[in-house]
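Breakdown of the fold
Single-letter residue listing:
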Amino acid sequence: MKRLLLTGSLSALCLCGYAQQKLPAILSGRITAGESESLPGATIALKGHHRGTTSAENGRYRLEKIPAGTYTVLFSHVGYRTVQQAIRLKNGEEARLDIRLEPVSRDLDAVSVTGRTETREAARQAYNITAIDAKPLHNTTQDLNQVLGKSAGVRIREDGGLGSSFNFSLNGFSGNQVKFFLDGIPMDNFGSSLTLNNIPVNLADRIEVYKGVTPIWLGADALGGAVNIITNKKTRNYLDVSYSYGSFNTHRTAVTGAYTHAKSGFTVLANLFQNYSDNNYRVHTGVTDLVTSVIGPEQRLRRFHDNYRSETMQAEAGFTGKKFADRLLIGLVLSQNRKEIQTAAQMSKVYGGWYQTSTTVMPTFKYQKKDLFLKGLDLNAYGSYNLGHTQNVDTLNRVYNWAGEYKDNSRNEAGQYVPGGENSRSLYRFRNHSGIATVGANYAPGDRQSIGLNYVFTTFDRKGSDVLRPLEESYQQPQILRKHVLGLGYKLDYNDRWSTSLFVKQFIVRGEATQRVDIYTNPRWVPVFNNKSSTGFGLATTYFIADPLQLKFSYEKTFRLPEGDELFGDGINHVANRNLRPEKSHNLNLGAMLNRRFGQRHKLSVEANLIYREASDFIRVDLADNRTQSVNVRGVRNTGFDADIRYSFLDGFTAGANATYQYLINTTKYETETSKVVSAIYKDQIPNIPYLFGNANLGFQTKKAGPEGSRFGLTYHVNYVAPYYLKWPSLGYRSDKNEIPQQLSHDLSATYSLRNGRYNVSAECRNLTDARLYDNFLMQKPGRAFYLKVRYFIHKL
Amino acid sequence: MKKVHAVLAAAIAMGFSACKSDSDKVNPDDLTDGNSTYVLALTADGSASESTDYILQTKDLMTGVLSPVGQGIEQKSYRMYEQIGKTLLSITYQGTNVVPGYTLNQAGLLTKKNGEFSILRLHARNPINDSLMVGMYVPRDGTAEATVYEINANQMKVTREAKVNVFQAAGNGKEWAYFNDARVIGNKLWAPFFQIKNSSFETAYADTAYVAVYSYPGLKLEKVLKDARTGAIGVYAGNDALSLTENGDMYTYSPTAIASGSAPTTKPSAVMRIKNGTTEFDKDYFFNIEQVTGGYKIASMKYVGSGKALAQIYSFKDHTAADKWTTRDVRLAVLDLNAKTVAYVTDVPLHTGGMKYSSIVENGNVYIQIKNNDGVFIYKVDIAAAKGTKGAQVQGKSVMGFFKMSK
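Please read these numbers as outputs of a predicted model, since none were measured by experiment.

What about the overall build of chain A?
From N to C terminus, chain A includes three helices and 55 strands. The C-alpha atoms of chain A give a radius of gyration of 28 Å, which matches the 28 Å a tight globule of 797 residues would have. Projected onto its principal axes, the C-alpha coordinates of chain A cover approximately 95 × 55 × 50 Å. The buried share among the 797 residues of chain A stands at 46%. Contacts in chain A between residues far apart in sequence, at least 24 positions, make up 65% of those at least 6 positions apart.

Here you go:
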């Protein structure tokens, strides 16, 4: 993608030798930054000729078949000054231009910042954003969840091993309050085969975590923030194949690749990945005697019904770099998964037969064009529709214990078959028919100002049935939800030091549902739906005090619209609540960021953020007739901070640490709308949310590990979570509180690469000390585990 | 590791702390007289995933505030409670299926017993004697069999587990029996039920009272008592449908009220009798509550003694679909079961119905939870005078278990 940042001035360059050959001409060379660091991803363009390429990981580029003539070559990279170089090419000539790009310096007197990648550039936005460079992690066996879980402010809570349900928490907000995007596209309708816990890290180029305040072009009805996963779009021809195997019979394969025909611009992108695990890790628990029901003493037992598998194919084809479109891609996502369910929300309830399957069949459409009709007008559009389904299978009339033994209740004393289920007998199968369409336009008439308009439309139309309950009328009722998020933003870069964005967003929810009325006199279904409309707004501003020190402030009043499951129920245990209101929040961030180089060898970056959230009408799960239901009750205030520090010594040694503290309190004075009694937990700390956690890591890398182009690296990571209460802290005897104890886990990994990253092998040990780790309602997580990964990566210049 | 601790210690040192510093400041003398104590299991404020029950004890029900703040034994989830002799069982309601037990220790303080067992949620249950209880899990998803447990609370284990067919008891091939009380008397298990045809508790059979009688411990269906003078007996999971008197007669009550969860029926709300030694409703006895009160229905009933029962009676006549399950706005009344009279209790406000596990009978008085928008309070009701006295305030959503326990 040609994202040119035209800041002007000419800098150092070097012009090297000529070679004699036959027509036409070839231009090649190497792009460096700072001293001699290779700069990948730089754009090399022949001005006015629609020809260009990008530099590879080693900084090299090559443009072939250039007709003889005089050209102006533009060398650019986000965060660096663009270099213009005129060159005259003769027929058959092979010219070489090695270019050194200088970083953009906001203040010429200040120490210059070097080596800034797009990841760094993203972090320089006015928003409170954590940008994670995923490329160095491509040799690890992590999925996106595990990568994200190591950054400040983020806590991923999982019920178990691979594929288990998880809860992504950002500054204390979790579940649907945080929204996810893939290349700016909402992932809402991707289905359960394409979530953060089964997408391999190799798919991502970098990940941006927006905390609290989200820019309009993401078009999110997010309360707590948004996560945007950015895939590799710069390397136009590459193949990345990896396979890992590890503990608990875990197999994961990922193949990602891109092909672009240089002349026609024809492009094919494909991602294939597969996950499989038995998840049969050991847990500490007692076995219930099948006769006396007495729970025996604690033992170490393997999980026995937790198999997970998923296979996904995401393919796109179309044209890139053409006059009519920078990108025009038609795609298809196909995926399937099958997930066994080992336990209920607490481990005391164990299952041996219940499972769920789901599929995704989703056509997609993408269009992007810069300078459409007039210079500075950019347009992008996206659409997708998921035709996949989800099925719940609970037809085994048995009661299991942790030893895997069971009581079979499927025959009565007379030997007759007795149907039943483990949780609730069900073969409920549904399609959500969920679709998304987004259109975004941005117009920047000059260098200093831009105006953007973004519109996101999502539709949800659930159709479900259960062959075991053919007469259930509620399944035949309409369950339609349509959401519109319209955003308008204005950005002013007043000068090189100060930049501000202002925005307003309109959130609209429309739907169709029915309610059974007059159940005794004239029972019938009548339409009922509360259409809602809310307006949010905000601003984000940043000021560079000196080049390495940046201040940020952002505020947003935002809303999160209810999801289909919350409004219509899940068809099994979650009851519909069609009167659910959007959640709302005032989000405030204040941050400071410092990037400095000390001498030629030491680099230091420090970042600290203060956050404040005042949220109300929280959507929480409550009980309704022994089932659960989403209701608007809680008001929450979060006052917290997070800090991140990173240090590196040349390319060889890195160290980093981050810590997050969040103090969430309950601001609900009355528990019900009619109550006149002040709640006992008014202003108490919100339970079951980690309030203090942190990460630290050390890395060592050397190129002196064998033949030229080889590399050896060692990484150590530690995660700490302070103990926290499962229930309201102020209630009950201290000695009887249900507590999640302090957790400390250590991971170690080693990577060896040959031929500049073409061949890679890595080994990892997670939870090195075999510590007992927990989440949620004391759900136990895997102990010590080992993984091995091999990866092959090639790319063409 | 030390480094990490140092970094995090720095964060902590910023002056924040998650836990409140007040430790357990409870004086044991306030909780017990040494031999006996009142025990309240209450559901604290908060929504389902974050709140839970706390078991409190006190020797004074009439003054101050009974609060879970800083006191009470925290439970893992919402629970139901049953007192069997000297043991209090905290029984699964949601989430976990683990049952712990509590007894009073030497000092008279509630202490967790050794051992736990695992059972399904119990919709119908009652003690059999001072060590055993019977409980039934009743399916709602169309599964044909209910599970019957016999539990030994002294030994903290299940001593018998069996199945009974819910379609067989209903006997019409379409709907199934939903038991709401279970009482073992001699060699019989009495189990009143209403009928349902789906998980929304809909039924076409709301206009008859049913009680299934099983042999015990054999659990063979011996008979289903039916009476069409009124509608179904009891309420969902009420466990108060059968009142056993000193002479062995049993009284039943039928709300026939939408607010109690009943499907509509034209049958009047009434109390009926099953005489000791018989397995049929007494044809000569019918206490028509609506007739006596001028059109109001009964929400619940608890036998006190000497032919007197405390009842909750709705304060409104027209029940609509919106009232379903609310048990809203009931009044307390003393019923004279022999004279068939109703005497409203004075000085007690309108409140939400349900009594079985939120009241204690002691020396001709009933201590009862009175819950409405003004909060939750304990009232002492003098049955002879039909008069209430306001007592301690309870800080929480609801009293789920209310017992008197002794060493």
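A few points about the overall build of chain B
Counting its regular elements, chain B contains four helices and 32 strands. Taking 2.2 N^0.38 as the reference for a compact globule, 407 residues should give roughly 22 Å; the C-alpha atoms of chain B span a radius of gyration of 22 Å, in line with that estimate. In chain B, buried positions account for 52% of the 407 residues. Of all intrachain contacts in chain B linking residues separated by at least 6 positions in sequence, the fraction that spans at least 24 positions is 50%.

A look at the domain arrangement of chain A
Here chain A is partitioned into domain 1 (13–101), domain 2 (118–230) and domain 3 (231–531 + 539–795). For domain 1 of chain A versus domain 2 of chain A, the separation of C-alpha centres amounts to 35 Å.

A look at the pairing of strand β17 (residues 188–196) of chain B
Residue and element names in this part refer to chain B. By the criterion of burial, β17 is predominantly enclosed, with eight of the nine residues buried. Across four bridges, the pairing between strand β15 (residues 176–179) and β17 is antiparallel. Each bridged residue has a counterpart across the sheet, and for Ala177 the counterpart in β17 is Gln195. Where strand β16 (residues 183–185) meets β17, three bridges bridge the pair, whose relative direction is antiparallel. Following the sheet pairing, Ile185 is matched in β17 by Lys188. Between the antiparallel neighbours β16 and β17 lie two residues, among them Gly186 with a positive phi of about 60°. Judged from the six bridges that link them, β17 and strand β18 (residues 209–215) form a sheet pairing that is antiparallel. Across the sheet, residue Phe193 finds its bridge partner in β18, namely Tyr210.

What to know about the nonpolar core
Leu40, Met136, Phe179 and Ala191 of chain B are the most contacted members of the largest nonpolar core, which totals 125 residues. Setting aside residues no more than four positions away along its own chain, Met136 of chain B makes contact with Leu122, His123, Ala124, Arg125, Ala146, Thr147, Val148, Phe179, Ala182 and Ala191 of chain B. Of all hydrophobic cores here, the second largest spans 87 residues; its members include Val147, Val154, Leu218 and Phe507 of chain A.

A word on the interface of chain A and chain B
Each partner contributes to the interface: chain A provides 63 residues, whereas chain B provides 61 residues. Put simply, the parts of the chain that give the side of chain A that touches chain B at least two residues each are β43 (619–624), β46 (653–666), β47 (692–702) and β48 (711–721) of chain A. Residues of the side of chain A that touches chain B, tallied by class, amount to 29 nonpolar, 21 polar and 13 charged.

Some words on the confidence of the model for chain A
Residue and element names in this part refer to chain A. Summary statistics for chain A give a mean pLDDT of 84 and a share of 92% for residues scoring 70 or more. Predicted confidence is poor over residues 1–22, with pLDDT under 50, and the contacts of this stretch with residues over four places away or in other chains come to 42 contacts. Below a pLDDT of 50 lies the segment residues 105–116, which in the model reaches 31 contacts outside its immediate sequence neighbourhood of four places, other chains included.

Some points on the environment of Gly452 of chain A
Residue and element names in this part refer to chain A. Relative to the assigned elements, Gly452 resides in strand β32 (residues 449–461). Look at Gly452 and you get buried, because 20 C-beta atoms sit within 10 Å. Distance in space between the C-alpha atoms of Gly452 and Asp378 is 9.2 Å, their sequence separation being 74 residues.

Examining the environment of Ala592 of chain A
Residues and elements named next belong to chain A. Within the secondary structure layout, Ala592 lies in strand β41 (residues 583–598). A count of 15 C-beta atoms within 10 Å places Ala592 in the partly exposed class. In this structure, the C-alpha to C-alpha distance between Ala592 and Leu551, residues 41 residues apart in sequence, is 4.5 Å. Contacts of Ala592, omitting those with residues within four sequence positions, involve Leu549, Gln550, Leu551 and Ala608.

Considering the sheet that holds strand β9 (residues 110–112) of chain B
Residues and elements named next belong to chain B. Read across the open sheet, the four strands follow the order β5-β6-β8-β9; overall the sheet is antiparallel. In this open sheet, the two edge strands, each paired with only one partner strand, are β5 (79–84) and β9. Across the sheet, the axes of successive neighbouring strands diverge by a mean angle of 30°, strand direction being ignored.

Thoughts on the sheet that holds strand β1 (residues 36–43) of chain B
All names here are of chain B. The strand order across the open sheet formed by four strands is β4-β2-β1-β32, and the pairing between neighbours is antiparallel. Here the strands that pair on one side only, and so sit at the sheet edges, are β4 (73–74) and β32 (398–406). With six bridges joining them, β1 and strand β2 (residues 53–58) adopt antiparallel strand pairing. Looking at β2, one finds that Ala41 is bridged to Ile55.

Looking at the environment of Ser384 of chain A
Secondary-structure assignment places Ser384 of chain A in strand β26 (residues 377–386). Among all residues touching Ser384 of chain A, those that are not within four sequence positions of it are Asn189, Met362, Pro363, Thr364, Gly435 and Ile436 of chain A.

What about unusual backbone geometry?
Excluding glycine, most residues fall at negative phi; most peptide bonds, likewise, are trans. Note that the residue after Tyr216 of chain B, namely Pro217 of chain B, is joined by a cis bond; omega there is 10°. Even without glycine at this site, Arg755 of chain A takes up a positive phi of about 50°. Taking the C-beta count within 10 Å as the criterion, Arg755 of chain A has 14 such neighbours and is therefore assigned partly exposed. Look at Lys340 of chain B: it is not a glycine, yet its phi comes out positive at around 55°. Relative to the elements of secondary structure, Lys340 of chain B occurs in the loop between β26 (330–336) and β27 (341–344).

Quick word on the confidence of the model for chain B
Chain-level pLDDT for chain B is 90 on average; 93% of the residues reach the 70-or-more range. The low-confidence segment residues 1–22 of chain B (pLDDT under 50) makes 28 contacts with residues lying over four places distant or belonging to another chain.

Focus on the pairing of strand β39 (residues 549–560) of chain A
Residue and element names in this part refer to chain A. Inspection of the sheet shows strand β38 (residues 532–546) paired to β39 by nine bridges, in the antiparallel sense. Within β39, the position partnered with Phe544 by the bridge is Gln550. For β39 and β41, the ladder comprises 12 bridges, and the chain directions are antiparallel. By the bridge assignment, Lys552 is partnered in β41 with Gly591.

What counts as what
- Residues numbered from 1 in each chain as written.
- Chains lettered and ligands numbered in written order.
- Predicted model: local features only at pLDDT ≥ 70, side-chain atom pairs only at ≥ 80, totals over all residues.
- Helix = DSSP H or I, 4+ residues; strand = E, 2+ residues; numbered from the N terminus.
- Rg over C-alpha atoms; globule rule 2.2 N^0.38 Å.
- Buried ≥ 20, exposed ≤ 12 C-beta atoms within 10 Å, placed from the backbone.
- Contact = placed C-beta atoms within 7 Å.
- Domains from an automatic or database assignment.
- Pairing = 2+ DSSP bridges.
- Core = buried A, V, L, I, M, F, W, Y, C linked by C-beta atoms within 7 Å.
- Nonpolar A, V, L, I, M, F, W, Y, C, P; charged D, E, K, R; others polar.
- pLDDT = per-residue confidence, 0-100.
- Axes fitted to C-alpha atoms, helices over the stretch in contact; angles between N-to-C directions.

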